[in-house]
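Commentary on secondary and tertiary structure
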Amino acid sequence: MLSGYRSSVAVVAKLSTPLSFTCHSSSTLPPRISSLLGVRAMSATAARPDPFRPAKRVAGQRQDVWSIVNEAAAASPVQPIVNMGQGFFGYNPPKFALDAAKAALDRVDCNQYSPTKGRPRLKKAIADAYSPFFGRQLNPDTEVTITTGANEGMLSAFMGFIEPGDEVIIFEPFFDQYISNIEMPGGTIRYVPLQPPKDGATRTSPASEWSIDFDKLEGTVNPKTRMIVLNSPHNPVGKVFSHDELERIGDLAVKHNLIILSDEVYDRLYYVPFTRIATMKPEFWERTITVGSAGKAFYATGWRVGYLIGPDHLIKYVAGAHTRICYSSVSPLQEAAAVAFEEADKEGFWDESRDEMKKKMELFCEVFDELNIPYSDPEGGYFVLANMASVNLPEDYPFPSHVASRPRDFKLCWFLIHEVGVAAIPPTEFYTDENANIAEDYLRFAVCKEDEILETAKERLRGLKKYIVR
Ligand SMILES: Cc1ncc(COP(=O)(O)O)c(C=O)c1O
């Protein structure tokens, strides 16, 4: 930031040196000088046919899922719709976190730039909170770095280690932002689909039954592979990767010298034993970047405070990339997150938030039990995948063409919004076209909403009864 400021001062200083010209015509002046003098020269660039053409990395080809859901919601005869789609919380952060945010705004230092790697208080609070899990004292200066949400943290991790042509393995379904985050530095993505239980359309089963095809995984590794991305607890499947699965993935990473990016943003919401891959073996620690999100932890996704934990030799380059992307992250909310981490244990917050979310999950899933709609029973996180294979979509239903051309879950999503006024997310958005058929009967619901919203959603979903055919 500062060096950018200095260099622009230097340019101005150079330009203020008087320039003397004899009789150059505008076309003979060097282009930079003629543009600085405001002279309009005809040039090849003036004839550029598409001056506002976006770069490929931002020019999406299809309408994204969020705008389709919004469009369906606006057009639905049932108003207002109940939004069970996006994973934002329907309630506020705990009081101790909110109070800390308000207090931070009154402090001069909290309204100014933070150090690029994060505020010392937050790094220390995170190091203290996570050292017991990692079985070692984390160094807050070298083994923790703060980012603008977990998402920018992951972008920084890929920017820090991926060169054009390098390959990154991710599992399907994936968190959608991985794709652009890997492609921005020129990475190529290799996909390995999690396999749902074969009888997922007829039986509710634990999310653990979404399994990894290890032969496929190993077959995907090649000399260009640099990283493998894990997400546990998993969005949207709700799977918590088992100790055995993590060990096999970690051993594979060691064998082929890969970096592991372990996205653990739902790490406080697990309903079965949860293992962090970085903590399993020293060889895993030395190659793993663990990703966390204060937004997910404290019901404050809009705060955009994320963090990465790992060995110095990984964290320093990720932090370097972060400095170039956004310099530093929002100061007052880092301070608030620091206080929240300091207070959470004392307040009994972690147990409380996990118990509350589990209860919300059970409360909401009752409606699927009633309707005999099978679901993938989550072991962590706040998403549930319900299998809607038995919901009969009328053949002549007036789906708009951009929905009709997408897999069945997009139609289910549109249908639910219009017929019962409940929005959910079609999970094939989190698949490549090639593998989308795996999940096209499912819809993803987020239960991080007030109980009364969950009750309204349940009541409305009961309206599906007349469309269920077995
Ligand atoms: C699996 C996963 N990783 C990362 C993120 C992003 O977290 P943040 O909001 O801290 O950027 C999300 C948000 O939905 C997510 O589901």
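Residues numbered from 1 in each chain as written. Predicted model: local features only at pLDDT ≥ 70, side-chain atom pairs only at ≥ 80, totals over all residues.

As annotated in an unreviewed UniProt entry, the protein chain carries the name Pyridoxal phosphate-dependent transferase and comes from Aspergillus cavernicola. According to its UniProt record, the protein chain has this under Cofactor (unreviewed entry): "pyridoxal 5'-phosphate". (UniProt positions renumbered as here; feature names shortened; annotations may be inferred.)

Attention now goes to the packing of helix α14 (residues 349-371) against helix α17 (residues 451-461). The interhelical angle for the contact between α14 and α17, taken along N-to-C directions, is 15°, at an axis separation of 8 Å. The orientation of α14 with respect to α17, classified from their angle, is roughly parallel. Where α14 crosses over α17, the handedness of that crossing is right-handed. Two secondary-structure elements touch here, α14 through K360, L363, F364, E366 and V367 and α17 through D451, L454, K458 and L461. (Axes fitted to C-alpha atoms, helices over the stretch in contact; angles between N-to-C directions. Helix = DSSP H or I, 4+ residues; strand = E, 2+ residues; numbered from the N terminus. Parallel < 35°, antiparallel > 145°, perpendicular 65-115°, else oblique. Left-handed = near helix turned anticlockwise from the far one by under 90°. Contact = placed C-beta atoms within 7 Å.)

This part covers the environment of R119. Within the secondary structure layout, R119 lies in the loop between α4 (95-105) and α5 (120-134). Residue classification places R119 among the buried positions, given that 24 C-beta atoms sit within 10 Å. Taking the C-alpha atoms as reference points, R119 and S205, 86 residues apart in sequence, are found 43 Å from one another. For R119, the contacting residues outside a window of four places in its chain are S114, I146, S331, Q334, E335 and A338. (Buried ≥ 20, exposed ≤ 12 C-beta atoms within 10 Å, placed from the backbone.)

Before going further, it helps to examine the site of the ligand. Residues in close proximity to the ligand total 14 residues, the closest being G149, A150, N151, N235 and S293. A total of three residues in the shell around the ligand trace back to one element, the largest contributor, which is helix α6 (residues 149-161). Its residues assigned to classes, the shell around the ligand shows three nonpolar, nine polar and two charged. (Near = placed C-beta within 6 Å. Nonpolar A, V, L, I, M, F, W, Y, C, P; charged D, E, K, R; others polar.)

Attention now moves to the nonpolar core. Note on soluble globular proteins: their nonpolar side chains tend to be buried together. Residues A337, V384, A386, C413, V422 and F445 are the most contacted members of the largest nonpolar core, which totals 127 residues. For this core, the two domains that each supply at least three residues are domain 1 (65-87 + 350-467) and domain 2 (95-344). Excluding residues within four positions of it along the chain, V422 makes contact with I81, V82, M84, L416, I417, A457, R460 and L461. (Core = buried A, V, L, I, M, F, W, Y, C linked by C-beta atoms within 7 Å. Domains from an automatic or database assignment.)

Through backbone hydrogen bonds, the strands of a sheet pair up, either in parallel or in antiparallel fashion. Read across the open sheet, the four strands follow the order β5-β10-β11-β13; overall the sheet is mixed. The outermost strands of the open sheet, each flanked by one partner alone, are β5 (205-206) and β13 (442-446). Sheet analysis places strand β10 (residues 375-377) next to strand β11 (residues 383-387), joined by two bridges and oriented antiparallel. Across the sheet, residue S376 finds its bridge partner in β11, namely L385. In the packing of α14 onto the sheet, the strands contacted are β10, β11 and β13, and the crossing angle to β11 comes to about 10°. (Pairing = 2+ DSSP bridges.)

Here α5 is 15 residues long and its end C-alpha atoms lie 20 Å apart, about the 21 Å a rise of 1.5 Å per residue gives. Along α5, the sharpest kink reaches roughly 25°, centred on D128 and followed within four residues by the proline P132. Among all positions of α5, only L122, K123, A125, I126, A127 and Y130 are buried. Along its buried surface, α5 packs onto β2 (144-147), β9 (306-309) and α13 (331-344). Just downstream of α5, G135 is the residue with a positive phi angle, here 65°. (Expected span 1.5 Å × (residues − 1). Bend = angle between axes of the 7 residues up to and from the residue.)

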